[in-house]
Amino acid sequence: MYGHRDVRILLIGDSGVGKTSLILTLVSDEFPEDEIPARAEEITIPPDVTPEKVPTHIVDYSSREQSDEILMEEIARADVICIVYAVNHRESIDSITDYWLPLARNTLGADHSTPIILVGNKSDQADANSLEGVVPIMNDYSEIETCVECSSKNLKNISEVFFYAQKAVLHPTGPLYSAEDKELKPECKRALCRIFTICDLDNDGVLNDYELNLFQRRCFNAPLQPQALDDVKAVVRKNIPEGVVNNGLSQIGFLFLHTLFIQRGRHETTWTVLRKFGYTDHLKLTADYLRPRLRVGRGSSTELSHLGYQFLTSLFEKYDQDKDGALSPSELQNFFQTCPVMPWGPDVNMTVCTNEKGWITLQGCLAQWTLTTLLDVSRTLEYLAYFGYRYVMAEHENQLSAIIVSRAKRIDLEKRQTSRNVFQCNVIGPRGAGKTAFLQGVNNRTVDSSSHSMREHLSAYTINTVQVYGQEKHLLLHEIDVGLQDELTSEDLECDVVCLMYDISDPRTFEYCAKSFKQHFENSSIPCLFVASKSDMHPVRQNYTLQPAQFCASHNLPPPQTYSSKGRPNKDIYIKLATLAAYPLVKGVLVEHPAALWIRDKLMLASGPLASRHLKGVSQESHSIWLKVGICAAVAAVGGIVIYRYYKSH
């Protein structure tokens, strides 16, 4: 994952320094004794003969045959530039700073990132080591990666010149290390610290032998032998005592090791680690690493798989240091420390279930990621990458294994049941009808019991798990806040089930719900449930031609369900909403079936005297809607048994 499909090496320098002879010697493996041409033609070295297995193009330059315009074009196209000088010719060394380096900067920009290699040719004719005169130049120009002395005539270091040039492109030092400060650059430190945190599986601040061996296998496909492991710790301990703590490698020691690798010219080791964790040459995580392509068909939805829940559960447990089942504010900050920003604001605490301190529990954490996966799956994929999913779950290629794409909803309707485990319920009703309190009720929370600071961060979403015939499902409630005269948008209609809510004590509110149903849902496949909120208050007659119970009966709908935010929230309504979503209703003839009687008993409302007065006059036939739901579930179960027996007998 280098980001380079090939490498283009350009050789420039004064005439007569041996640029062309370097190329010809590399190709023929012998010094050209015959007349040497002014310029060698561009050659391409196939990937199977290069150490990095990348195609390499080598381009020569001749001032006798090429113009300055062509030279600047080649400089702009080059991945790496080799400035060749003759070690026995002082003027060619002076030209490095007088002409060639300024030319590169003028062409590419003063802050360009194209690496430059200084190549001292004709070392066979040198009386002394020319590097002493070149080192000051390297210190003044940060784009210079290294300097190599060679001899075309003696075949000395010829292949090394092009190896280092290729290496400067594929494993550049510039983004990692400041030669002037003799330390890792801040961006490199941040990346390596993130990697260390991901690899510290038990979150104790050190990499123990198991974690170091796992790191070695994940990054280099080879275990670290015990003696080699001890040697590494000894080197770190000798140079930086705090780098080894409790016989484990601390973060300081981890950074020191990579500094040492780079100083010793082994920066490819650091790059191997960085690229294993998705970093580009600019130390940014690649788009493919963060958001691998996921195809979601029309009518399909996205959920977390068991692997996704398994990973997020282990991550929660890693940062729940006091093991109290909830993330304190500091633990929550640590939970996201491998991410560029903290994505959760205080509204999340009002979206999912929390403990008595308002801290997010494991159930709440998983619910929030369930919500994110349904509404914005690319965001879930991105944060799974930040968390290190690919490293921890290494047997899977990428984080797509954490996601399930459901079948299209039309297939669910045809089969009269769904395989989905997450359902979105849009709660629609006029402003002030009690929708916000209803949303909070799914998490056993009342708005009145919430602190003032929490009420300021109320969310338009809440989510929790409910049991549907013994199976755990996530029910996501989305409040659609509208006025009595407002129209619903197409986005407001996208959901698995609709809760139409009106205020039992406000005569104006039911009309809006009734008209919304007739306009948007009467001929829709989306199941609907009317909810009469504020049932603790005195019911009034609604300003509509039909009263709520009569309206529901006439449209073959379940009777209105009553809800009050006073006292303990009634969980039955949430179960009924999830049940309607899980088993889409089929309108038509009602079928009596003994296997569904217990379902009817469970779903039928036991609402008390107030609700009885409010629902007076509802026909018995309207209750059989819940029987339909039960029959769908029963038929699905019976069908499964029949199929099982069929395949068993065959």
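Before going into details, it helps to say that this report is about the structure given with it. (Residues numbered from 1 in each chain as written. Predicted model: local features only at pLDDT ≥ 70, side-chain atom pairs only at ≥ 80, totals over all residues. Heavy atoms only, no water.)

## As for the overall build of the protein chain
Helices and strands together make up the secondary structure of the protein chain, namely 25 helices and 21 strands. Burial statistics for the protein chain: of 650 residues in total, 52% are counted as buried. As displayed, the protein chain offers around 30,700 Å² of accessible surface, 50% of which is attributable to carbon and sulfur atoms. (Helix = DSSP H or I, 4+ residues; strand = E, 2+ residues; numbered from the N terminus. Buried < 20%, exposed > 50% of the residue type's maximum accessible area, 1.4 Å probe, protein only. Areas by Shrake-Rupley, 256 points an atom, 1.4 Å probe, with all protein chains shown as cover.)

## Quick word on the sheet that holds strand β19 (residues 497-503)
Ordered in space as β17-β18-β16-β19-β20-β21, the six strands form an open sheet in which the pairing is mixed. Looking along the sheet, the strands with just one partner apiece sit at the ends: β17 (461-468) and β21 (561-562). As judged from the two bridges shared by strand β20 (residues 528-533) and β21, these two strands associate in the parallel manner. Across the sheet, A532 pairs through a bridge with T562, a residue of β21. Across the face of the sheet, helix α20 (residues 509-521) comes into contact with β16 (422-430), β18 (471-482), β19 and β20 while running at roughly 155° to β19. Taken strand by strand, helix α22 (residues 572-582) contacts β16, β17, β18, β19, β20 and β21, and its axis lies near 80° from that of β17. (Pairing = 2+ DSSP bridges. Contact = heavy atoms within 4.5 Å. Axes fitted to C-alpha atoms, helices over the stretch in contact; angles between N-to-C directions.)

## What about the side chain of T465?
Turning to its location among the elements, T465 is positioned in strand β17. You can call T465 buried: its relative accessible area is 17%. Residues in contact with T465, not counting those within four places in the same chain, are Q363, E472, K473 and H474.

## A look at unusual backbone geometry
Of all residues except glycine, most have a negative phi; of all peptide bonds, most are trans. Even without glycine at this site, K182 takes up a positive phi of about 55°. Among the structural elements, K182 can be located in the loop between β7 (177-178) and β8 (183-184). Since its relative accessible area comes to 58%, K182 is described here as exposed.

## Topic: the environment of R105
By the element assignment, R105 lies in helix α3 (residues 90-108). On the accessibility criterion, R105 (27% relative accessible area) is partly exposed. It is 10.0 Å that separates the C-alpha atoms of R105 and I75, two residues lying 30 residues apart in sequence. Not counting residues up to four positions away in its chain, the partners in contact with R105 are A110, H112, D140, Y141, S142 and E143. A polar contact of 2.8 Å, which involves the side chain of R105, links it to the side chain of E143. (Polar contact = N/O pair within 3.5 Å; in protein donor to acceptor, adjacent residues only side chain to side chain.)

## Examining the nonpolar core
Within the largest apolar cluster, 74 residues are counted, with the highest numbers of intra-cluster contacts made by I195, F277, F335, W369 and F387. The element contributing the most residues to this core is helix α6 (residues 186-199), with eight residues. Judged by nonpolar contacts, the second largest core, of 26 residues, contains F423, L475, M501 and A578. (Core = buried A, V, L, I, M, F, W, Y, C linked by side-chain atoms within 4.5 Å.)

## Thoughts on the pairing of β17
Counting buried positions over the eight residues of β17 gives six, a clear majority of the element. Pairing between β17 and β18: eight bridges, direction antiparallel. Of the residues in β18, the one forming a bridge with T462 is L477. Connecting β17 to the next strand, β18, in antiparallel fashion are two residues, including Y469 with a positive phi near 50°.

## Here we look at helix α7 (residues 209-220)
Given 3.6 residues per turn, any residue in an α-helix points the same way as the ones three and four places further on. Here α7 spans 16 Å end to end across twelve residues, near enough to the 16 Å set by a 1.5 Å rise per residue. For α7, the full list of buried residues reads E211, L212, N213, L214, F215, Q216 and C219. N-capping of α7 is provided by N208, with a side-chain oxygen placed 3.1 Å from the backbone N of Y210. One or two residues past the end of α7 sits N221, with phi positive at roughly 55°. (Expected span 1.5 Å × (residues − 1).)

Bear in mind that shape data such as this cannot, by itself, settle questions of function.
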